[in-house]
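Fold and geometry: a report
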Amino acid sequence: MFSFFKKKPATEAESASVFTEVAFADALPKVAPTGPERPLQEASTPPSAPGATGVQTQVPVPELTQRDGAGEPLAQPSCDQVAASEGPAAPPVTLPLGVESLPPAVSGPAPIAMTPPASVALVTSMEEPPPAPATPPPMVPPSIHPAPKPETPRAGWLARLSAGLRKTGSSLAGVFSRTKIDDALYEELEEALLMADAGVKATEQLLDDLKRRVREARVTEPQAVKALLVDAIAELLRPLERPLEIGRHAPTVMMVVGVNGAGKTTSIGKLTRHLLEAEQKVLMAAADTFRAAAREQLAVWAQRADGSGVQAAGAGWVDIVSQQGGDPAAVTFDAVVAGKARGCDVVIADTAGRLPTQLHLMEELKKIKRVITKAQLDAPHEVLLVVDGNTGQNALTQVKAFDDALQLTGLIVTKLDGTAKGGVLAAIARERPIPVYFIGVGEKLEDLQTFSAREFAQALLS
Ligand SMILES: Nc1nc2c(ncn2[C@@H]2O[C@H](COP(=O)(O)OP(=O)(O)OP(=O)(O)O)[C@@H](O)[C@H]2O)c(=O)[nH]1
């Protein structure tokens, strides 16, 4: 199951700390459009800025960027300031799956014009936006089709996770085929944990904890020790188990970073599809401005039916701000400003991949983070690092380096369906416990899953 947390409405819960879980069945949507699949809308007007490509604008976006002497944009008012000067909150909407969604605590203006649900339109990082159409295109009422029967989907992704971690699992599990609990067993276990990339500190902690549990439970069978190791690993990983919260801010601004090929764009695409299903209004910033097809890749993912005939129903929509060859910080700034002006729920900036050792590129990320704060004073609310689970201890190195530079708020660990050893999560939990919001266990939409410490521990030892 995939889930994130969304704030309850002020009328229902005055406290800003009350969140409701928005959970997604693994076989996602139950609604399909009647008409032909809406294609990605192509450019209908010439680019407004040099280098801008594929412009399709549905709403006017204000002249966005005022810059200071250093070329960085000037600070913008916070959402609170914007909200204070603008009208009442939008009415509550109902989420799929029977979860009530509410307007954010601080609501911005309602979107000026709504795209048909789940269509993807492209918006360039604009200097001069073309005028909005007088009337929005007619909405095509979706027809309801019976939901396809999921073939034990949860078991499916857990099986993929277990298969991906089998390399680790079989060597860890092999330890417990010994006949008695003795020093040799613990030594073999230590070796297996180190081989699984758990690192020295986490391995030591796990062994100490396990020995204590064995003593307290007075177990005598090696197989019983295996169950206790699952408990010990689950406890160690528990601090990483935290949900992503959406709805506390208007919009929630996320910045996504990582090395090349870690799975940033794919994960953003999957997350966006889930947000669309929850009728969220999402604005993506293609801040990887030197990648030729960055915008197209985001758009394809955001629009993807993923073989299940899915199109999001209701009020969710997604737009993309991009400017080929432009300044990544400027594109991101424009996206945040536009996201506020258009009443978006979430703004996600997809940044170019880079190694933490490329200091000038790390400076570029810091600049992107700074200008986001100028566009919205309390943002970014999430700085997410996407790490490839196959990279072993190198993943911990990446977590530390990106965290030192950007103060990460969350992780997405991808490719755990591959040859990942998985133990590195124990090392992360021990040495830099940053929440793992999601794990990726494949290339399909449903393969982005909420992280569960116990499930992960079980998969590691299966
Ligand atoms: N097996 C598997 N493949 C994945 C997963 N997540 C992403 N991928 C694949 O990894 C490859 C790279 O993904 P991208 O999303 O392009 O990575 P990126 O971090 O945006 O790459 P750059 O923009 O070049 O830095 C693609 O082929 C994805 O399909 C996963 O969880 N499992």
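Just above, that's the structure.
All of the points below concern the structure found in this document.

What counts as what
Residues numbered from 1 in each chain as written. Predicted model: local features only at pLDDT ≥ 70, side-chain atom pairs only at ≥ 80, totals over all residues. Heavy atoms only, no water. Phe/Tyr/Trp six-rings, centres within 6.5 Å; stacked < 30°, edge-to-face > 60°. Buried < 20%, exposed > 50% of the residue type's maximum accessible area, 1.4 Å probe, protein only. Lys NZ or Arg CZ within 6 Å of the ring centre and 35° of its normal. Near = heavy atom within 4 Å. Polar contact = N/O pair within 3.5 Å; in protein donor to acceptor, adjacent residues only side chain to side chain. Areas by Shrake-Rupley, 256 points an atom, 1.4 Å probe, with all protein chains shown as cover. Helix = DSSP H or I, 4+ residues; strand = E, 2+ residues; numbered from the N terminus. Nonpolar A, V, L, I, M, F, W, Y, C, P; charged D, E, K, R; others polar. Pairing = 2+ DSSP bridges. Salt bridge = Lys/Arg side-chain N within 4 Å of Asp/Glu carboxyl O.

**Examining the packing of aromatic side chains**
Applying the stated criterion to the full structure yields 1 aromatic pair. Both rings, one in Phe451 and one in Phe456, keep their centres 5.7 Å apart while their planes meet at 55°; by these two values the pair is tilted. One exposure class covers both Phe451 and Phe456, and it is buried. We note Lys211 situated over the ring of Tyr186; from NZ or CZ to the ring centre the distance is 5.0 Å.

**Focus: the site of the ligand**
Around the ligand, a shell composed of 19 residues is seen, among which Lys264, Thr266, Arg291, Asp417 and Glu443 lie nearest. Here an oxygen atom of the ligand sits 3.0 Å away from a polar atom, N or O, in the main chain of Gly261. Measuring from an oxygen atom of the ligand, one finds a backbone N or O atom of Gly440 at 3.4 Å. Expressed as a share of its isolated accessible area of 660 Å², the protein-covered part of the ligand is 79%. Ranked by residues supplied to the shell around the ligand, first place goes to helix α7 (residues 264-277) with 3 residues. Partitioned by chemical class, the residues of the shell around the ligand number 3 nonpolar, 10 polar and 6 charged.

**With respect to unusual backbone geometry**
For the peptide bond that leads from Ala250 to Pro251, omega is -5°, which places it in the cis range. Relative to the helices and strands, Pro251 resides in the loop between β8 (245-246) and β9 (252-257). Here the bond from Ala379 into Pro380 is cis, since omega is 0°, no more than 30 degrees from zero. With respect to the element layout, Pro380 can be found in the loop between α10 (359-375) and β13 (382-388).

**Comments concerning the pairing of strand β15 (residues 436-440)**
Two faces make up the sheet, and in a regular strand the side chains alternate between them. For β15, a buried count of 5 out of 5 residues is recorded, marking the element as mostly surrounded by other parts of the structure. Judged from the 3 bridges that link them, β15 and strand β16 (residues 448-450) form a sheet pairing that is antiparallel. Paired with Phe438 across the two strands is Thr450, which belongs to β16.

**Description of helix α12 (residues 424-431)**
Burial analysis of α12 places 6 of its 8 residues in the buried class, the great majority of the element. Within the span of α12, buried status applies to Val424, Leu425, Ala426, Ala427, Ile428 and Ala429.

**Considerations on the pattern of salt bridges**
Overall, the coordinates contain 16 salt bridges when judged by the stated rule. One salt bridge connects Asp319 with Arg342, and the closest N-O pair in it is separated by 2.2 Å. Of the two residues, Asp319 sits in strand β11 (residues 317-322) while Arg342 sits in the loop between α9 (328-341) and β12 (346-350), which places them 23 residues apart along the sequence. In this structure, Asp319 and Arg342 share a single accessibility class: buried. Here Lys415 and Asp388 are joined by a salt bridge, their closest N and O atoms 3.7 Å apart. In this pair, Lys415 sits in the loop between β14 (410-414) and α12 while Asp388 sits in strand β13, placing the two residues 27 residues apart along the sequence. The exposure class assigned to Lys415 is partly exposed, which follows from its relative accessible area of 34%. Using a relative accessible area of 13% as the deciding quantity, one classes Asp388 as buried. Each member of the salt-bridge network shares a partner with another, and the members are Asp209, Arg212, Arg213, Glu216 and Glu235.

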